[in-house]
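Listed below are the residues making up each chain.
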Amino acid sequence: QVQLVESGGGLVTPGGSLRLSCEASGGILSIDAMGWYRQAPGAQRELVARSIRGGGTNYADSVKGRFTISRDNAKNTVYLQMNSLKAEDTAVYYCNANLLTTAPRWLEVWGQGTLVTVSS
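Residues numbered from 1 in each chain as written. Predicted model: local features only at pLDDT ≥ 70, side-chain atom pairs only at ≥ 80, totals over all residues. Heavy atoms only, no water.

A. Main features of the overall build of the protein chain. Across its full length, the protein chain carries zero helices and 11 strands. The helix and strand sequence of the protein chain, counted from the amino end, reads β-β-β-β-β-β-β-β-β-β-β. For 120 residues, the compact-globule estimate of 2.2 N^0.38 gives 14 Å, and the C-alpha radius of gyration of the protein chain, at 14 Å, lies within 12% of that figure. Taken along its principal axes, the extent of the C-alpha atoms in the protein chain is 45 × 25 × 25 Å. For the protein chain, buried positions account for 42% of its 120 residues. In the protein chain, 55% of the contacts between residues at least 6 apart in sequence involve partners at least 24 apart. (Helix = DSSP H or I, 4+ residues; strand = E, 2+ residues; numbered from the N terminus. Rg over C-alpha atoms; globule rule 2.2 N^0.38 Å. Buried < 20%, exposed > 50% of the residue type's maximum accessible area, 1.4 Å probe, protein only. Contact = heavy atoms within 4.5 Å.)

And the structure:
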């Protein structure tokens, strides 16, 4: 069974840094896109950053210059380095992947979410 397991969330003071990780596992042939979304209380889920196999990336305007997404294709893992964190970055961060399973079929899969809290 395909699953995404996230780690790295927590409490950080404004201006601090965190690194999120997300590993995909379970009958995967290849992964097209992997990315991070977030959902703050009372708000809709929004794209934070996305990485396309082959090197393409895109970021939300609000995180450009502060967050960096990277992938380790050999480990089926995506990372999100978050620097200069602000209170408005507080949210549950969800990993997302579009991947080809061994069935074979294409799936869009979500992680369970990891909470990032930026507060003094």
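B. View of the pairing of strand S5 (residues 46-52). Looking at chain direction, strand S4 (residues 28-39) and S5 are connected through six bridges and run antiparallel. Following the sheet pairing, tyrosine 37 is matched in S5 by leucine 47. What sits between the antiparallel neighbours S5 and strand S6 (residues 57-59) is a turn of four residues, in which glycine 54 has the positive phi angle 110°. (Pairing = 2+ DSSP bridges.)

C. Examining empty space enclosed by the protein more closely. Applying the stated criterion to the full structure yields one cavity of 30 Å³ or more. Volume-wise, the largest cavity comes out at about 30 Å³. Lining the largest cavity are Ile31, Met34, Arg53, Arg71, Asp72, Asn73, Asn76 and Thr77. Those elements giving two or more residues to the lining of the largest cavity turn out to be S4 and strand S7 (67-72). Taken together, the residues that form the lining of the largest cavity break down as two nonpolar, three polar and three charged. (1 Å grid on protein atoms, 1.4 Å probe; cavity = no way out; pocket = protein on both sides within 12 Å on 5 of 7 lines; lining within 4 Å. Points joined across faces, edges and corners; volume = space filled by probe spheres on them. Nonpolar A, V, L, I, M, F, W, Y, C, P; charged D, E, K, R; others polar.)

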